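Residue-level structural notes
Next come the chains, spelled out residue by residue.
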Amino acid sequence: GPKVLQIPSHQIIDMGQMVTLNCDPVSNHLYFYWYKQILGQQMEFLVNFYNGKVMEKSKLFKDQFSVERPDGSYFTLKIQPTALEDSAVYFCASSLFGGAETLYFGSGTRLTVL
Amino acid sequence: GDSVTQKQGQVTLSEDDFLFINCTYSTTTYPTLLWYVQYLGQGPQLLLKVTTANNKGISRGFEATYDKGTTSFHLQKASVQESDSAVYFCALVDPQGGRALIFGTGTTVSVSP
């Protein structure tokens, strides 16, 4: 079936540095999402993105976070600067029509902030 | 606020056992309820969904009934296989946001042959 790719599966970065998480969504999908999962806790919605704009964001989507999809390529989540509490697994998802129940998820990128 | 609760963190079974995973939700509206399954090394994938109270979702031998009275959406399977070993998440579509999912903490199911 359709696949959302997230590479790499694990990133390690020093606190205060910038990190960009990359997501290659399903090719014809139009809506893009990021979710965050801290170890042992539930996945939580961060942001969704459509037509070049953030549509909705949660309180977890701090000012240090930004998303973009330049020229229809990767959908990225940038954190600048990173903090220790940003350590988590970040899941990208995409959907064609935008309904939350129609999401295809990637396998996640584990971010470790030292 | 809206929430989903899965009390079981881990369930260990043998093949052909009955699987039951508890899920309750809290919301002021009638949300769409879903179960996701996440196999090792993969992202979560939709297992089943139900949009109408008192209806049942069925997929791949799994079933869940949307019980408005008890605000529950428990997942069941009559006879599990080793290939059902995975993490199972209950979720609801955020009634406020419309495009976000609110997840439970997940239940890890381990099935031994």
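My aim in this report is to walk through the structure given alongside it, one point at a time. (Residues numbered from 1 in each chain as written. Chains lettered and ligands numbered in written order. Predicted model: local features only at pLDDT ≥ 70, side-chain atom pairs only at ≥ 80, totals over all residues. Heavy atoms only, no water.)

1. What to know about the interface of chain B and chain A
By a widely used convention, the size of an interface equals the accessible area lost when the partners come together. Operational definition: The criterion used for residue contact is that any of the two residues' heavy atoms lie within 4.5 Å. Defined in terms of a 1.4 Å probe, buried area is the accessible area two parts forfeit on being brought together, summed over both. Salt bridges, as used here, are contacts in which a Lys or Arg side-chain nitrogen is within 4 Å of a carboxyl oxygen on Asp or Glu. As used in this structure description, the phrase polar contact means that two N or O atoms lie within 3.5 Å; if the pair is within protein, one of them must be able to donate a hydrogen and the other to accept it, and residues adjacent in sequence are counted only when both atoms belong to side chains.
Taken residue by residue, the interface counts 19 residues in chain B and 19 residues in chain A. Three residues, Pro44, Arg99 and Phe103 of chain B, lead the burial of chain B against chain A; their summed loss comes to 40% of the area buried on that side. Between chain B and chain A we count 0 salt bridges in total. Linking chain B with chain A are 1 residue pair in polar contact (both at pLDDT 80 or more).

2. Side note on the pattern of salt bridges
Rule in force here: Numbering goes from the N terminus for both helices and strands, where a helix is a DSSP run of H or I of at least four residues and a strand is a run of E of at least two. Remark: exposure states derive from per-residue accessible area (1.4 Å probe, protein chains only) relative to the maximum for the residue type, with buried under 20%, exposed over 50%, and partly exposed in between.
Going through the model one piece at a time under the given rule, you end up with 3 salt bridges over all chains. With a closest N to O distance of 2.9 Å, Asp86 of chain A and Lys62 of chain A form a salt bridge. Within this pair, whereas Asp86 of chain A is found in the loop between strand 8 (75-79) and strand 9 (88-95), its partner Lys62 of chain A is found in the loop between strand 6 (53-57) and strand 7 (65-68), the two being separated by 24 residues in sequence. Overall, Asp86 of chain A belongs to the buried group, its relative accessible area being 1%. Residues Lys77 of chain B and Asp84 of chain B are paired through a salt bridge, measuring 2.8 Å at the closest nitrogen-oxygen approach. With a relative accessible area of 6%, Asp84 of chain B lands in the buried category.

3. Quick look at the sheet that holds strand 9 (residues 75-77) of chain B
Residues and elements named next belong to chain B. Rules: Pairing between strands is defined by DSSP: at least two bridges between the two strands are required. Axis definition: a line fitted to C-alpha atoms, limited for helices to the stretch in contact. Angles are taken between N-to-C directions and run from 0 to 180 degrees.
Pairing is antiparallel across the open sheet formed by 4 strands, whose spatial order is 3-9-8-7. Two strands bound the open sheet, and with one partner strand each, they are strand 3 (19-21) and strand 7 (56-59). Strand-to-strand twist across the sheet, computed as the mean angle between neighbouring axes with direction ignored, equals 15°. Where strand 7 lies against strand 8 (residues 62-65), 4 bridges are found, and the strand directions are antiparallel.

4. Re the nonpolar core
Note the cut-off: Here, nonpolar core means buried Ala, Val, Leu, Ile, Met, Phe, Trp, Tyr and Cys residues that are tied together by side-chain atoms lying within 4.5 Å of each other.
Membership of the largest hydrophobic core comes to 28 residues, with the highest contact counts inside it found for Leu19, Trp35, Leu47, Leu48, Phe73, Leu75 and Tyr88 of chain B. If you list the elements that add at least two residues to this core, you get strand 2 (10-14), strand 3, strand 5 (33-38), strand 6 (45-50), strand 8, strand 10 (86-93) and strand 12 (107-112) of chain B. Ranked by residue count, the leading element in this core is strand 10 of chain B, at 4 residues. Counting 22 residues, the second-largest nonpolar core is a separate cluster that includes Val19, Phe49, Phe61 and Phe65 of chain A.

5. Some details on the packing of aromatic side chains
Definition in use: Any pair of Phe, Tyr and Trp rings, taking the six-membered ring for Trp, is counted once the centres come within 6.5 Å. Such a pair is stacked with planes under 30 degrees apart, edge-to-face with planes over 60 apart, and tilted for the rest.
Across all of its chains, the model carries 15 aromatic pairs over all chains by this definition. For the pair Phe49 of chain A and Phe75 of chain A, a centre-to-centre distance of 5.4 Å together with 35° between the ring planes defines the contact as tilted. Remark: Phe75 of chain A occurs in strand 8 and Phe49 of chain A occurs in strand 5 (residues 43-50); sequence separation between them is 26 residues. The buried category is assigned to Phe49 of chain A, whose relative accessible area is 6%. On the accessibility criterion, Phe75 of chain A (0% relative accessible area) is buried. Measuring from centroid to centroid gives 5.6 Å for Phe62 of chain B and Tyr88 of chain B, while their planes differ by 40°, and the two rings are tilted. Here the residue Phe62 of chain B occupies a position in strand 8, and Tyr88 of chain B occupies one in strand 10, the gap between them amounting to 26 residues. This pair shows no difference in class: Phe62 of chain B is buried, exactly as Tyr88 of chain B is. One aromatic cluster in this structure is built from Tyr35, Phe45 and Phe105 of chain A together with Tyr36, Phe89 and Phe103 of chain B.

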